[in-house]
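Structure assessment
Given next are the chains, with one letter for each unit.
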Amino acid sequence: MDLLDSIMNSMDKPPSLSEQERVLLKKKKEEFVKIQNEEKERLNRFKERVETKLSTYFKDPNNLMLKFEPMDQIHRSIVHEAAESQNLLSYGFGIEGVDRYVRVYNRLHPPCEDELATRRRGEPWNEQIKQQLIKNRERERQEAIESAKKPKKIIPNSNYKDKYAHLIGQDAALDAAKKTESNKAYGFVPSENKRDHRSIEQTLADIKAKRQKLNNENQGETEDTS
């Protein structure tokens, strides 16, 4: 006998059950299995009822949607499974643990995104609400088109006067950005200098003086040549 065997033999063995305790334990196990089988059978019957209800209801092409009463997650999963097996669409709405329920739709007539979003918010949905949303969306589309037609004022991302400020300084950049003016003393005669500001009398006197000066100069040249 080795050390391990000696240790095992020295340990206290669990107390053995009495005949009465063994009978009681067996009875509890049987009751648990019975409850499980009953619950399984109940869920199977529920599934059969749901499948029959869906096939009967949607056999009529005019029936487009079927609403189920609020139920727990296990029963909702059975409804979803039954709907999928019959090629139908199913969606859950409401608050879990409060009023969560399932709606089943004909696959040929699925709910629009507006309906799904509205029902998920817990709000009512009908044809009037649907048409109002369509009108609102069309109005928004027309407003966007009209806004796109209007000329947009282009605003530069940066101030062009600041472009060269880091090179030549802020004051010089501001001066350089100003509208330049032509140098009046370079390249042409300013229009102000071309305008004659003399009166008529002064103009005639100046012309007469120039003629007299020319006559005197011509007379002087004649006398020199003789």
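The structure presented is a predicted model; accordingly, all values stated were derived computationally and were not measured.

Below, the discussion takes up the pattern of salt bridges. Summed over all chains, the structure comprises eight salt bridges. With a shortest N-O distance of 3.4 Å, lysine 47 and glutamate 81 are connected by a salt bridge. Of this pair, lysine 47 sits in helix 2 (residues 19–57) while glutamate 81 sits in helix 3 (residues 73–85), and the two are 34 residues apart along the sequence. With a relative accessible area of 27%, lysine 47 lands in the partly exposed category. Given the relative accessible area of 44%, glutamate 81 is considered partly exposed. A salt bridge links arginine 137 to aspartate 114; its shortest N-O distance comes to 3.0 Å. Placement of arginine 137 in helix 5 (residues 127–149) and of aspartate 114 in helix 4 (residues 113–120) is noted, with a sequence separation of 23 residues between them. Given the relative accessible area of 44%, arginine 137 is considered partly exposed. Among the residues examined, aspartate 114 registers a relative accessible area of 23% and is labelled partly exposed.

This brings us to the sheet that holds strand 1 (residues 65–67). With antiparallel pairing, the three strands of this open sheet are ordered in space as 1-3-2. The sheet is open, and its two borders are formed by strand 1 and strand 2 (89–93), each paired with just one other strand. Along the sheet, successive strands turn relative to each other by an average axial angle of 20°, direction set aside. Examined bridge by bridge, strand 1 and strand 3 (residues 101–105) share three bridges and lie antiparallel to one another.

Reading guide: rules and limits
- For every chain, the first residue of the written sequence is number 1, and numbering continues from 1 onward in sequence order.
- Under the rules for a predicted model, residues below a pLDDT of 70 receive no local features and side-chain atom pairs below 80 are neither given nor counted, while totals for whole chains, interfaces and linings still include all residues.
- Hydrogens and water are ignored here; the side-chain numbers use all heavy atoms of the structure.
- Only one rule defines a salt bridge in this text: a Lys or Arg side-chain nitrogen within 4 Å of an Asp or Glu carboxyl oxygen.
- Helix and strand definitions here come from DSSP, where helices need a minimum of 4 consecutive H or I residues and strands a minimum of 2 consecutive E residues; each element is numbered from the N-terminal end.
- For every residue, the accessible area (1.4 Å probe, protein chains only) is compared with the maximum for its type, and the residue is labelled buried under 20%, exposed over 50%, or partly exposed between those bounds.
- Between any two strands, pairing holds if DSSP finds at least two bridges.
- Helix axes are fitted only over the stretch in contact, all axes being lines through C-alpha atoms; the angle between N-to-C directions runs from 0 to 180 degrees.

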